[in-house]
Amino acid sequence: MANRKILTLSLSPEILKEINKITCEEKISKSELFRRAVVDFIGRLKWEKASLYGRAVAQEMKITEEDIEDIVYGFRKK
């Protein structure tokens, strides 16, 4: 844990109770739970940005979902 930073977090008692339940059931620390949650959140944000970009490009190029299936199939045949 050499390059880790400590953060302070404020949570409601209800959320903390849920966190304690989850960490006990999963046998992980609160730190590990938050690390996983943050990594998951960042991944979803990146996916959403990529998806929005892809939709914008597809709309600009007038590509439909059906076209995308054909394009992917064409690449897989190579």
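Given the structure is predicted, the values throughout are model-derived calculations rather than measurements. (Residues numbered from 1 in each chain as written. Predicted model: local features only at pLDDT ≥ 70, side-chain atom pairs only at ≥ 80, totals over all residues. Heavy atoms only, no water.)

## Quick word on helix H3 (residues 65–77)
An α-helical turn contains 3.6 residues, so a residue and the one three or four places further along point in the same direction. The end-to-end C-alpha distance of H3 is 19 Å, a good match for the 18 Å that 13 residues give at a rise of 1.5 Å each. Burial within H3 is sparse, with just zero of its 13 residues counted as buried. (Helix = DSSP H or I, 4+ residues; strand = E, 2+ residues; numbered from the N terminus. Expected span 1.5 Å × (residues − 1). Buried < 20%, exposed > 50% of the residue type's maximum accessible area, 1.4 Å probe, protein only.)

## Some remarks on the packing of helix H1 (residues 13–26) against helix H2 (residues 30–60)
Where H1 meets H2, the axes come as close as 10 Å, and the angle between the chain directions of the two elements is 100°. The angle between the axes of H1 and H2 places the two elements in the roughly perpendicular class. Contacts between H1 and H2 pair Leu16, Ile19, Asn20, Ile22 and Thr23 from the former with Lys30, Leu33 and Phe34 from the latter. Tallied by class, the residues present in the contact of H1 with H2 amount to five nonpolar, two polar and one charged. (Axes fitted to C-alpha atoms, helices over the stretch in contact; angles between N-to-C directions. Parallel < 35°, antiparallel > 145°, perpendicular 65-115°, else oblique. Contact = heavy atoms within 4.5 Å. Nonpolar A, V, L, I, M, F, W, Y, C, P; charged D, E, K, R; others polar.)

## Looking at the pattern of salt bridges
If the charged atoms of two oppositely charged side chains come close together, the side chains can form a pair. Inspection of every chain in the model, using the stated rule, returns three salt bridges. Two residues, Glu32 and Arg36, come together in a salt bridge whose shortest N-O distance is 3.0 Å. Separated by four residues within a single helix, Glu32 and Arg36 lie in helix H2, roughly one turn from each other. The exposure class assigned to Arg36 is partly exposed, which follows from its relative accessible area of 47%. Within this structure, Glu32, Arg35 and Arg36 form a network of salt bridges that share partners. (Salt bridge = Lys/Arg side-chain N within 4 Å of Asp/Glu carboxyl O.)

In short, geometric facts, not functional conclusions.
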